[in-house]
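# Chains, contacts and geometry: an overview
Each chain, written out:
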Amino acid sequence: PLQSCRILALILLFFPLVLQDKKIKELEEQIKIFQKGNEEPSGLSREEELEVSCLRLQHQIWEMERFLNDHGLIWVGEGNESAEDMETPDGEGSLSSKGLWKPDDSVVSESSINFDTILENLKDLNVLAGDGVSQIEHVAGGARLRQPDPVPLTFYQNGIVMFNGPFRSYEEPSTQQCLQDLMDGYFPTELQRRYPDGIPFQVTDKRDVFFRERQLPESFPGRGQVIGDPKPSGMKETAEIPGPKLTVQQFMNKLPKSLIRDGQVIDIRRDIGETLQGSSGTQKHEVILVETPSLMAMKKRLEGNDQEKTPDPNISTLRIKSENGEKTYIIKMPFTATIGDLRQHLAQTRGGELESYEILSIFPQQVYNNDAMTLEECKLVPNGSLLLRRKVSLTKSQGQRL
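Read on for a plain summary of the structure. (Residues numbered from 1 in each chain as written. Predicted model: local features only at pLDDT ≥ 70, side-chain atom pairs only at ≥ 80, totals over all residues. Heavy atoms only, no water.)

## Regarding the overall build of the protein chain
Note the cut-off: By the criteria applied, helices consist of DSSP H or I runs no shorter than four residues and strands consist of E runs no shorter than two, each listed in order from the N terminus. Buried, partly exposed and exposed residues are distinguished by accessible area as a fraction of the type maximum, computed with a 1.4 Å probe on protein chains only: under 20%, between the cut-offs, and over 50%, respectively. Throughout, a residue-residue contact means that at least one pair of heavy atoms, one from each residue, lies within 4.5 Å. Only the protein chains shown count as covering a residue, and every accessible area follows the Shrake-Rupley method with a 1.4 Å probe.
A tally of regular secondary structure across the protein chain gives 11 helices and 16 strands. Residues counted as buried form 25% of the 402 residues belonging to the protein chain. Across the protein chain, contacts joining residues at least 24 apart in sequence account for 59% of those joining residues at least 6 apart. For the protein chain, the accessible area works out to roughly 29400 Å², and carbon and sulfur atoms hold 54% of it.

Encoded structure:
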């Protein structure tokens, strides 16, 4: 027994040394492989180059396995594919693209769209998003129950329309990605950031209708002939985006009430509302020729026998639009006339106070508040287009800024 204990003690003493020697030999072998792999392969045969490349790859694999082992990890691979499965049909032995992700594989083609699956998945998604379930909405002074507004989604024969447009063809990658998400039973990726908790869909199936996209104004207005027209014969056709149309008042409510630019408070809703109403032809437009000394001299010259006399070249013609856009004043004045003179002529024609409005130009955007400046100094010669805008009181302007 004593001798056995001695032998066991020697084994325990020298066993770590044996393991250490074995580890050293392995490391020396790996160093040799690494040095051999780093040698310049120039002048080598094809077989030697492949051998060096193989040794270099083996060394890289050994480094990665050692790194994983240091962190308590083991590489187990992705499967038990044989060498034959990794070779291409031509027998060159190169790795195929099997198992590699391709962006084109993430979308579906128009021919592989399964609308029945999409419609069924949309019903399940609506249930998960709480379709028909009221939610608590916090308002000023309390809270109320409110059902979420669903997202309109219309399917056409050649594309979809989400929300109030635009039309999206099935050939667009974004549309294909959206349909792929729905076919897989997932909420569309493009809406996840906007609706992180999901939102119900209001689905309208119009696959028997071909949506005709509106042509650009400069496109050919005639009827053309196309070989292989995607619109089947006898199919209904539409170009109207589904959904309720915004009235002028609803559109105005979406705009900010006012905007501060260059220290001036601009009433956005009023200006745009006047423009929309004027474009619809509901407002009457009146052109007024203001009596000025320059205009009277021109009339006198035309009525008398002084037609051969050359007209004064230093006369500026100004077109000034009123605050509501209903009237346009045409004023002829010499280059040396001032902004104050212009206000006097407007006051004689319009009546009212001289300082109740501002005179401004759009291009360039400038307000003419200095009554002593001449038309030539304001670069309003030989003609110019101006606008009149109601003045905003100082207290109102400060209240808007607050």
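Next comes the rest of the description.
## Looking at helix α10 (residues 339-350)
Going by this rule: Expected helix span is taken as 1.5 Å per residue step, with the number of steps being one fewer than the number of residues.
Taking 1.5 Å of rise per residue, 12 residues should cover 16 Å, and α10 covers 16 Å from first to last C-alpha, within 8% of that figure. When α10 is considered as a whole, its buried residues turn out to be I339, G340, L342, R343, H345, L346 and A347. Of the residues one or two after α10, G351 is the one with positive phi, at around 80 degrees.

## Observations concerning the packing of aromatic side chains
Operational definition: Any two of the Phe, Tyr and Trp rings considered here, Trp counted by its six-membered ring, make a pair once their centres fall within 6.5 Å; the pair's planes then place it as stacked at under 30 degrees, edge-to-face at over 60, or tilted in between. Geometrically, a charge over a ring is one whose NZ (Lys) or CZ (Arg) sits within 6 Å of the ring centre while staying within 35 degrees of the ring normal.
What the rule picks out here adds up to 6 aromatic pairs. Relative to F167, the ring of Y156 has its centre 6.4 Å away and its plane inclined at 65 degrees; by these criteria the two rings are edge-to-face. On the criterion of sequence distance, the pair formed by Y156 in strand β3 (residues 151-156) and F167 in strand β5 (residues 167-169) is long-range, its members being 11 residues apart. Judged by relative accessible area, Y156 falls into the buried class, the value being 1%. Accessibility expressed as a relative area gives 9% for F167, which makes it buried. By way of ring pairs, the aromatic residues F115, F155 and Y170 are connected into one cluster. Lying across the ring of Y357, R350 places its NZ or CZ 5.0 Å from the centre.

## Section: the pattern of salt bridges
Cut-off, in case you're wondering: The working definition used for a salt bridge is a side-chain nitrogen of Lys or Arg within 4 Å of a carboxyl oxygen of Asp or Glu.
Scanning the entire structure with this criterion turns up 10 salt bridges. Across the salt bridge formed by E358 and R389, the nearest N and O atoms sit 2.9 Å from each other. Linking E358 in strand β14 (residues 357-361) with R389 in strand β16 (residues 383-390), this pair joins segments that are 31 residues apart in sequence. Note on R389: relative accessible area 14%, which makes it buried. Each member of the salt-bridge network shares a partner with another, and the members are E137, R144, R146 and D149.

## A word on the environment of R390
Within the secondary structure, R390 is located in strand β16. Judged by its relative accessible area of 42%, R390 falls in the partly exposed class. Once residues lying within four places of it in the same chain are set aside, the contact partners of R390 are R270, E323, S356 and Y357.

## A look at unusual backbone geometry
Glycine aside, residues mostly have negative phi angles, and peptide bonds mostly take the trans form. Cis geometry is found at the peptide bond from G165 to P166, where omega equals 5 degrees. In this chain, V381 is followed by P382 through a cis amide linkage whose omega measures -5 degrees. When you line up the elements, P382 lands in the loop between β15 (366-367) and β16. Phi at F163 is positive, roughly 60 degrees, even though this residue is not glycine. Its identity as a non-glycine residue notwithstanding, K379 has a phi of 60 degrees, on the positive side. Summarising the element assignment, K379 is placed in the loop between β15 and β16.

## Quick notes on the pairing of strand β13 (residues 327-334)
To be explicit about the condition: Here, any two strands with at least 2 DSSP bridges between them count as paired.
With 6 of 8 residues buried, β13 lies mostly within the body of the structure. Sheet topology places strand β12 (residues 315-321) next to β13; 7 bridges connect them, and they run antiparallel. Along β13, the bridge assignment pairs S316 with M333. Following β12, the chain reverses through 5 residues before pairing antiparallel with β13; G325 in that reversal takes a positive phi of roughly 75 degrees.

## Points about the pairing of β14
Regular strands place side chains that alternate from one sheet face to the opposite one. Most of β14 sits out of view: 5 of its 5 residues are buried. In β14, alternate side chains face the same way, and those of Y357, I359 and S361 on one face and E358 and L360 on the other are all buried. As judged from the 4 bridges shared by β14 and β16, these two strands associate in the antiparallel manner. The residue bridging I359 from the neighbouring strand is L388, located in β16. Note: β14 against β15, 2 bridges, orientation antiparallel. Looking at β15, one finds that L360 is bridged to V367. Linking β14 back to β15 in an antiparallel pair, the connection comprises 4 residues.

## What to know about the packing of helix α4 (residues 115-128) against helix α5 (residues 173-183)
Our working rule: In this analysis, axes come from line fits to C-alpha atoms, helices being fitted only over the stretch in contact, and the angle between any two N-to-C directions falls in the range 0 to 180 degrees. In this scheme, roughly parallel covers angles under 35 degrees and roughly antiparallel covers those over 145, while 65 to 115 is roughly perpendicular and the rest are oblique.
Between α4 and α5, whose axes approach to 8 Å, the crossing angle comes to 70 degrees. The angle between α4 and α5 places the two elements in the roughly perpendicular class. Contacts between α4 and α5 involve T117, I118, N121, L122 and L125 from the former and L179, L182 and M183 from the latter.

## Quick word on the side chain of R343
Operational definition: Counting of polar contacts relies on pairs of N or O atoms within 3.5 Å, with two restrictions inside protein: one atom must be capable of donating a hydrogen and the other of accepting it, and residues adjacent in sequence are counted only when both atoms are side-chain atoms.
Here R343 is to be found in helix α10. Engagement of the side chain of R343 in a polar contact is seen with the side chain of D371, the distance being 3.1 Å.

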